[in-house]
Amino acid sequence: MAAQVLDVGFHVLAVDDSLVDRKLIERLLKTSAYQVTVVDSGIKALEFLGLLDEEKEISGSNHQQVVEVNLIITDYSMPGMTGYDLLRKVKESSYLKDIPVVIMSSENIPSRINRCLEEGADDFFLKPVKQSDVNKLIPLVPNSFTGKPIKNHEQQQIFSSSTCKRKQHTDEYLSPTLRRKRYNQIFS
Amino acid sequence: MEVGQLQRSFVEFTESLFREGFLDAQFCQLQQLQDENNPDFVIEVVSLFFEDSEKLLNDLTRALDQQDVDFKKVDACVHQLKGSSSSIGAERVKNACIAFRNFCDELNIDACLRCLQHVKQEYLLVKNKLETLFRLEQQILAAGGAIPMVE
């Protein structure tokens, strides 16, 4: 059976080991109406992108649904695999290397920023992340997602190969929706 | 208390939180992310912050209580706490964490213990303030009023 490509709109994969920051980045990205998947580590990001099981081909035995990732935004300082390590793995991969990657960090260290940009990061956000930062992602969204006519032919060429096909995962990778808590339950 | 009075208390209280440095502009970012489709966003993020902070403060207490203090671990915990307090706009907690990290670099246990006390104090203060703020909001809504926007 052939893999089906699901059309989910502009899909951002956010990576951060901080619970609070995951909640914040998810909400910020959703204000731009992006499809968002949030994971808490570089390893989980690689798994989601299909990089960990590159050897195992997508087998024809099941219906494999494929979801594209159009942008990766990752924290820099994470235990185990840093955002920089993740950036390198993505840029080293033949089929993921054109996906734009944005790094976030709470520390304003020019050498760190330069290293990331040199490795191919498209932007670097200083934490805490704000709406104005997320608005900077807009130029990275191809016109095909916004329904507008394509103005820049060159831009379209860059992004046409920037999609990554990987297996769809279960809810494990979707950010947990918090139950709405009533005020008095929180403070009991 | 009637709605107008509640709303005035709310505005005064909110303004004092910013004036006294408990909260900074990042908290406004959180408020702007709250809307009809995400009506509990601020409380949800702040609750995560409380959960996260309490765990980190416990970890820090334990780490500084060891025979051989692992300053790398202490620094990592403070870094995390600094990050999450910064993300929600808890300015005084964030600043207390910045000072704390400097003493971690110096491997100064006594100073670190003092810093931990200070961070705990600031955390409890802001927690109390935020709980009061949320209670005021609830009272306004229960009285049929709308939450005023505070610049």
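Residues numbered from 1 in each chain as written. Chains lettered and ligands numbered in written order. Predicted model: local features only at pLDDT ≥ 70, side-chain atom pairs only at ≥ 80, totals over all residues. Heavy atoms only, no water.

**Q** Quick question: what am I supposed to make of the overall build of chain A here?
**A** Counting its secondary structure elements, chain A contains 8 helices and 8 strands. When the 188 residues of chain A are sorted by exposure, 46% land in the buried category. Long-range contacts, defined as pairs at least 24 residues apart, comprise 70% of the intrachain contacts of chain A with a sequence gap of at least 6. Accessible surface computed for chain A: about 9,900 Å², of which carbon and sulfur atoms make up 49%. (Helix = DSSP H or I, 4+ residues; strand = E, 2+ residues; numbered from the N terminus. Buried < 20%, exposed > 50% of the residue type's maximum accessible area, 1.4 Å probe, protein only. Contact = heavy atoms within 4.5 Å. Areas by Shrake-Rupley, 256 points an atom, 1.4 Å probe, with all protein chains shown as cover.)

**Q** It is not clear to me how the nonpolar core should be interpreted in this structure. Could you clarify?
**A** Considering soluble globular proteins, one finds that nonpolar side chains tend to be buried as a cluster. A:Leu29, A:Ile73, A:Leu137, B:Phe49, B:Val74, B:Phe100 and B:Leu130 are the most contacted members of the largest nonpolar core, which totals 68 residues. Counting residues per element, this core draws most heavily on helix H3 (residues 41-64) of chain B, which supplies 13 residues. Among residues more than four places away in sequence, those in contact with B:Leu130 are B:Leu23, B:Phe27, B:Val46, B:Phe50 and B:Ile88. The next biggest cluster of nonpolar side chains, apart from the first, holds 25 residues, and it includes A:Leu13, A:Phe48, A:Val101 and A:Ala121. (Core = buried A, V, L, I, M, F, W, Y, C linked by side-chain atoms within 4.5 Å.)

**Q** Even after reading the chapter, I still don't get empty space enclosed by the protein, so can you show me in this structure?
**A** Summed over all chains, the structure comprises 2 cavities of 30 Å³ or more. Size it by volume and the second largest cavity reaches roughly 40 Å³. Together, A:Asp21, A:Leu24, A:Ile25, A:Leu28, A:Met104, A:Lys127, A:Val129 and B:Ser87 line the second largest cavity. In terms of residues, the lining of the second largest cavity owes the most to one element, helix H1 (residues 19-31) of chain A, which gives 4 residues. The residue inventory of the lining of the second largest cavity, partitioned by class, reads 5 nonpolar, 1 polar and 2 charged. (1 Å grid on protein atoms, 1.4 Å probe; cavity = no way out; pocket = protein on both sides within 12 Å on 5 of 7 lines; lining within 4 Å. Points joined across faces, edges and corners; volume = space filled by probe spheres on them. Nonpolar A, V, L, I, M, F, W, Y, C, P; charged D, E, K, R; others polar.)

**Q** Sorry, what's going on with the UniProt feature "modified residue: 4-aspartylphosphate" (unreviewed entry) in chain A here?
**A** Residues and elements named next belong to chain A. The positions UniProt marks with the feature "modified residue: 4-aspartylphosphate" (unreviewed entry) are Asp75. Along the chain, Asp75 falls in strand E5 (residues 71-75). Not counting residues within four places of it along the chain, the set of residues in contact with Asp75 comprises Val15, Asp16, Asp17, Gly83, Met104, Ser105 and Lys127. (UniProt positions renumbered as here; feature names shortened; annotations may be inferred.)

**Q** Would you mind going over the pattern of salt bridges with me for this structure?
**A** This model, assessed by the stated rule, comprises 20 salt bridges over all chains. A salt bridge links B:Glu44 to A:Lys23; the shortest N-O distance between them is 2.7 Å. With one member in each of two chains, B:Glu44 in helix H3 and A:Lys23 in helix H1 form a pair that bridges those chains. Of the residues examined, B:Glu44 reaches a relative accessible area of 13% and is grouped as buried. In this structure, the salt-bridge partner of A:Asp133 is A:Lys136, at a minimum N-O distance of 3.6 Å. Within this structure, A:Asp16, A:Asp21, A:Asp75 and A:Lys127 form a network of salt bridges that share partners. (Salt bridge = Lys/Arg side-chain N within 4 Å of Asp/Glu carboxyl O.)

**Q** Explain the state of the cysteines to me, please; I cannot follow it from the model alone.
**A** Each disulfide consists of a covalent bond between the sulfur atoms of two cysteine residues. According to the stated counting rule, one finds 0 disulfides over all chains in the structure shown. As a non-bridged cysteine, B:Cys112 has B:Cys104 as the owner of its nearest cysteine sulfur, 4.1 Å distant. (Disulfide = S-S within 2.5 Å.)

**Q** Would you explain the interface of chain B and chain A in this entry?
**A** By a frequent convention, interface size equals the accessible area lost on bringing the separate parts together. Each partner contributes residues to the interface: chain B has 30 residues there, and chain A has 22 residues. It is B:Leu33, B:Glu44 and B:Leu48 in chain B that bury the most area against chain A; as a group they hold 22% of the surface buried on that side. At the boundary of chain B with chain A, the tally comes to 3 salt bridges. Of the charged contacts in the structure, one is a salt bridge between B:Asp35 and A:Arg27, with a shortest N-O distance of 3.1 Å. (Buried area = accessible area lost by both parts, 1.4 Å probe.)

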